[in-house]
Amino acid sequence: MYEAYPLPGKSMNEVACLALGGVFAGGKTETSDPGKPNLLVSVWAGPHADLQKEVSSTFTKSAVTIDDVDYGSLKQKQLTSFQSVSGSGNYDVVWVNSQWMKEYTDAGYLLPIDGYLKAAGIDTSIYAKGLFDGCVFNGQTYGLPTFAQTMIIAYDSEAFEKAGLAVPKNADELIAVAKYFKERGTGIALPAKQGTAAVTLFSQLLFSDGGYYFDADGKLDIASDKAVQAAAIYDELVKYSVEGTLAWHHDEVAEAMRMKDAPIGLIMSGLANQNADPEKSLIVDTVKYAPLAGRSGIAAATNSFWVWAVAKNSANAQAAADYVMWMTSYDVEKKQTLADQQVSAINELSKDPEILAKAPFLPAVMQQLAAGKIDPPLANFGKLKAALVVSLSEIASSDSAPADVMKRLQADLQGVDFSK
Amino acid sequence: MVKQKTFEWSLERGDLLPLLMMLPTLLVILFVMVFPLVYGLLLSFFTIGFGGSLSPDSFVGLDNYLQFFTDPVAMKATLNTVLFSFGAIAGDFVLGTFVSLGLLKLRRSASVLIRPIVTMPLLVSPVVVGLIWRYIYDPKGILYYFLGKIGLGISNFPGVTAASTSLLSTIIAHWWQVTPFVIIVLTAGLLSIPEEYYEASKIDGAGPFRTFFQITLPQLLNVYVVIMLVSGVDTIKIFDLIFALTGGGPNNSSISLSIYAYSQAFEQSNLSYSIAISILTMLLTFCIFGIPFIKHNLSKGNR
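Bear in mind the structure is a predicted one, so any value in this text is a computation, not a measurement. (Residues numbered from 1 in each chain as written. Chains lettered and ligands numbered in written order. Predicted model: local features only at pLDDT ≥ 70, side-chain atom pairs only at ≥ 80, totals over all residues.)

Caption draft 1: Here's a closer look at the overall build of chain A. Scanning chain A from terminus to terminus reveals 17 helices and twelve strands. Taking 2.2 N^0.38 as the reference for a compact globule, 420 residues should give roughly 22 Å; the C-alpha atoms of chain A span a radius of gyration of 22 Å, in line with that estimate. Taking all 420 residues of chain A together, the buried fraction comes to 51%. (Helix = DSSP H or I, 4+ residues; strand = E, 2+ residues; numbered from the N terminus. Rg over C-alpha atoms; globule rule 2.2 N^0.38 Å. Buried ≥ 20, exposed ≤ 12 C-beta atoms within 10 Å, placed from the backbone.)

Caption draft 2: Looking closely at the overall build of chain B. Along its length, chain B carries 13 helices and zero strands. Listed N to C, the secondary structure of chain B is α-α-α-α-α-α-α-α-α-α-α-α-α in terms of helices and strands. For chain B, the C-alpha radius of gyration of 25 Å lies well beyond 19 Å, the compact-globule estimate for 303 residues. Burial statistics for chain B: of 303 residues in total, 33% are counted as buried. The long-range share in chain B, meaning contacts at least 24 apart out of those at least 6 apart in sequence, stands at 70%. (Contact = placed C-beta atoms within 7 Å.)

Caption draft 3: Focus on the packing of helix α3 (residues 72–105) of chain B against helix α7 (residues 166–191) of chain B. All names here are of chain B. For the pair α3 and α7, the least separation of the axes is 6 Å and the interaxial angle reads 45°. The orientation of α3 with respect to α7, classified from their angle, is oblique. Note that α3 runs across α7; the crossing there is right-handed. Of the residues in the contact of α3 with α7, the class split is 16 nonpolar, ten polar and one charged. (Axes fitted to C-alpha atoms, helices over the stretch in contact; angles between N-to-C directions. Parallel < 35°, antiparallel > 145°, perpendicular 65-115°, else oblique. Left-handed = near helix turned anticlockwise from the far one by under 90°. Nonpolar A, V, L, I, M, F, W, Y, C, P; charged D, E, K, R; others polar.)

Caption draft 4: Representation of the domain arrangement of chain A within the structure. Residues and elements named next belong to chain A. Split into domains, chain A comes out as domain 1 (10–148 + 303–370) and domain 2 (151–300 + 378–412). Using C-alpha coordinates to define each centre, domain 1 is positioned 28 Å away from domain 2. Between domain 1 and domain 2, the contact holds 14 residues from the first and twelve residues from the second. Counting residues per element, the side of domain 1 that touches domain 2 draws most heavily on helix α15 (residues 362–370), which supplies four residues. A class-by-class count of the residues in the side of domain 1 that touches domain 2 yields seven nonpolar, six polar and one charged. (Domains from an automatic or database assignment.)

Caption draft 5: The arrangement of the pairing of strand β7 (residues 144–149) of chain A in detail. Residues and elements named next belong to chain A. Judged by how many residues are buried, β7 sits mostly within the fold: six of six residues are covered. The pairing of β7 with strand β12 (residues 304–310) spans four bridges and is classified as antiparallel. Following the sheet pairing, L144 is matched in β12 by W308. (Pairing = 2+ DSSP bridges.)

Caption draft 6: Here's a closer look at the interface of chain B and chain A. Of the residues lining the interface, 28 residues belong to chain B; the matching set on chain A comes to 30 residues. Put simply, the parts of the chain that give the side of chain B that touches chain A at least two residues each are α1 (17–43) and α12 (257–267) of chain B. Broken down by element, the residue count for the side of chain B that touches chain A peaks at three residues, all from α12(B). Here the residues of the side of chain B that touches chain A sort into twelve nonpolar, 13 polar and three charged.

Caption draft 7: Summary view of the sheet that holds strand β9 (residues 188–189) of chain A. All names here are of chain A. Ordered in space as β9-β10-β8-β11, the four strands form an open sheet in which the pairing is mixed. Of all strands in the sheet, those with a lone pairing partner are β9 and β11 (287–290), marking the two edges. Both strand β8 (residues 151–156) and strand β10 (residues 264–268) contribute to a ladder of five bridges, which runs antiparallel. Paired with M151 across the bridge in β10 is M268. Sheet strands touched by helix α11 (residues 250–258): β8, β9 and β10. Its angle to β10, the strand with the most contacts, is close to 135°.

Caption draft 8: Region of interest: the pairing of strand β2 (residues 38–44) of chain A. Residue and element names in this part refer to chain A. The buried count for β2 comes to six of seven residues, which makes it a mostly enclosed element. Bridge count for β2 against strand β4 (residues 93–97) is two bridges, and the pairing is parallel. By the bridge assignment, V41 is partnered in β4 with V93.

Caption draft 9: Summary view of the nonpolar core. One finds A:V93, A:F202, A:Y234 and A:V324 to be the most contacted residues of the largest nonpolar core, which totals 165 residues. Setting aside residues no more than four positions away along its own chain, A:V93 makes contact with A:L39, A:V41, A:W308, A:V310, A:A311, A:A320, A:Y323 and A:V324. (Core = buried A, V, L, I, M, F, W, Y, C linked by C-beta atoms within 7 Å.)

Caption draft 10: Representation of the environment of A:A315 in the model. All names here are of chain A. One can find A315 in the loop between β12 and α12 (317–327). The spacing of A315 and N90 is 225 residues in sequence and 8.8 Å in space, taken between C-alpha atoms. In this view, A315 contacts S86 and G87; residues no more than four positions away in its chain are not counted.

Caption draft 11: Representation of unusual backbone geometry. Geometrically, the link from B:G249 to B:P250 is a cis peptide bond, its omega value of -5° lying close to zero. If you trace the backbone, B:P250 turns up in the loop between α11 (240–245) and α12.

Caption draft 12: Geometry of helix α10 (residues 225–239) of chain A. All names here are of chain A. Between its first and last C-alpha, α10 extends 21 Å over 15 residues, near the 21 Å set by a 1.5 Å rise per residue. A227, V228, Q229, A230, A231, I233, Y234, D235, L237 and V238 are the residues of α10 that are buried. For α10, the secondary structure elements touched by its buried residues are α8 (171–182), β9, α9 (196–208), α16 (381–397) and α17 (402–412). (Expected span 1.5 Å × (residues − 1).)

Caption draft 13: Molecular detail of the confidence of the model for chain B. Predicted confidence across chain B gives a mean pLDDT of 89, with 97% of residues reaching 70 or more. In the predicted complex, the global pTM is 0.80; the interface-specific ipTM is 0.77. (pLDDT = per-residue confidence, 0-100.)

Caption draft 14: Molecular detail of helix α8 (residues 195–203) of chain B. Little of α8(B) is tucked away: zero of the nine residues are buried. Phi turns positive one or two residues past the end of α8(B), at B:G205, with a value near 80°.

Caption draft 15: Spotlight on the packing of α7(B) against helix α10 (residues 221–236) of chain B. Residue and element names in this part refer to chain B. Where α7 meets α10, the closest approach of the two axes is 10 Å, and the angle between their N-to-C directions is 155°. Looking at the two axes, α7 sits roughly antiparallel to α10. Taken as a pair, α7 and α10 cross one another with a handedness that is right-handed. Two secondary-structure elements touch here, α7 through V178, V182, V185, L186 and G189 and α10 through V223, I227 and S231. Counted by class, the contact of α7 with α10 contains six nonpolar, two polar and no charged residues.

Caption draft 16: Spotlight on the environment of A:N170. All names here are of chain A. Checked against the element boundaries, N170 lands in the loop between α7 (157–163) and α8. Among the residues examined, N170 registers 19 C-beta atoms within 10 Å and is labelled partly exposed. C-alpha of N170 to C-alpha of N303: the two residues are 133 residues apart in sequence and 19 Å apart in space.

Pasting the structure below:
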């Protein structure tokens, strides 16, 4: 369909691309060499981006320019680039959030790389199956996984020792610990701002207790007992949270932990490495980690990761595929993991003693990822997620009963087609 | 019988020259303003996301517009946007008037120093204003430090963390940024009022309030109308400040039409509905601020 009826007005989109490029421009770092193909790479300007630039400068086959853009603007900049004519300054390689993959592949924005993988002799079984499967659509591979993330418990062991508290092993113990600290002036740090971070937390609590968004027949089941229970746990945690958490996303939660404003927090593992940085953290020697479990005591992640993919409108597809395969190779991933403790999708790396010594949170993360689920690749899942964002914000910021809110959500979304 | 003269075009005489000279401007307007608007209007009659295609199957007619009026979030966003706009402009007017009048009363040496300082927020990007105010509203930020000095805390004014105060909190941040613009324009207007009017009112024994309402305000009426139009358009399409400060929450309490349109386009891939929201926002702006402006100009013309 996309090929048969191309969207008219591409010149307008190119203009928009240039305009957005100006507005949302992050730091572009170029390693130019006139004898090599030039690759323009789009990445999220998180704490890992500087390392990606450094690592990319050692890639010998192409001259790589990294365009790192803040998360809020990344998707729209990538979408605008996909509309551009090949060779007009558009991205060759994109670092894609796993939750955008379905939308990108449906729209025909990404190039299948099976041919390149086969020609290079890449063994894709080295990647965690749950993550690699998130790169495969309709039997074709559209990228390679990296940078897995999940929400884990980070706590200040010194504060726990002083209080004589044990590390919470399930949701009830977590609520009890949060209540203990709240009664003493602090509380738990968690992301409760209206946004997707709260949905990640809710989903982890839901998955950990064996729940899901849909029933066995694929029908929406967001008012199930398990979903209501997850929403109630979330509500309780917010009740015993540090003042201000209703305005906090992941970054603010991690900052509160690092600054000792909260003795316990639910942080994204991708930000945990900063806890060990003495220039940014007051908990370098005291921070410890634990899995974030549900009421059952089982900890399951909402598997969130990133995918290195080749843009279909890349003028240098071979060079772009080479770069993707190189960035996700064992040695390059290990180098990045050692440098900033990011969680690779390569199974063997999580057992590497050198890496385990550097990333103390890795066992908790790997335990959750192993039991994790991914968001369903459905066209209308975005609608459910957007509605969940608002419902969870209502639960966090008002006296509304979680059961009532979830029932209303279920009723509001009855007419939405979640079958494909 | 008088023979009526008819105009005959003559290329030699250069009759087409004005048109040719205007042509580049007309083409720019056509391609930069008219074409995207018509194209957007066309897309709003379909149901497509980014990368989607215009096909008979995706044609939905006015469905996107009808959906808007039955969509509770869209209605909430419309109400929030109008409240934000009126709240922001009212505050801008009151604060801007007070400060600009105050600055005129200062000695020249003092006003030369203070005027650039009070106008500095105007130079800050709205996203950065949002970030600055995020730290101001932080429980450990400067606002709660001072509130703490008078025995108040986050429970008395929850700022961006409660649905009851989040919109007001964004309006306050807007005042901080945009009042300097009002001060600059009003100061120019105040300086243009002949001093004789004030001298006459003084001789007649008018007090400061009467002088303000009988002389200053009527003389500044046109300036206020221009500020209202500029600020009105600016506030109805408010996005960046709210996005950085609250993201539209909690519980959609501060969501604006632009944030909702953005969410539909980039988070839910519902480009057509997003465009319909944007077009309705444009019409709302015209109804609230455009029509009164046109009426004001017409009444001036009649006088």
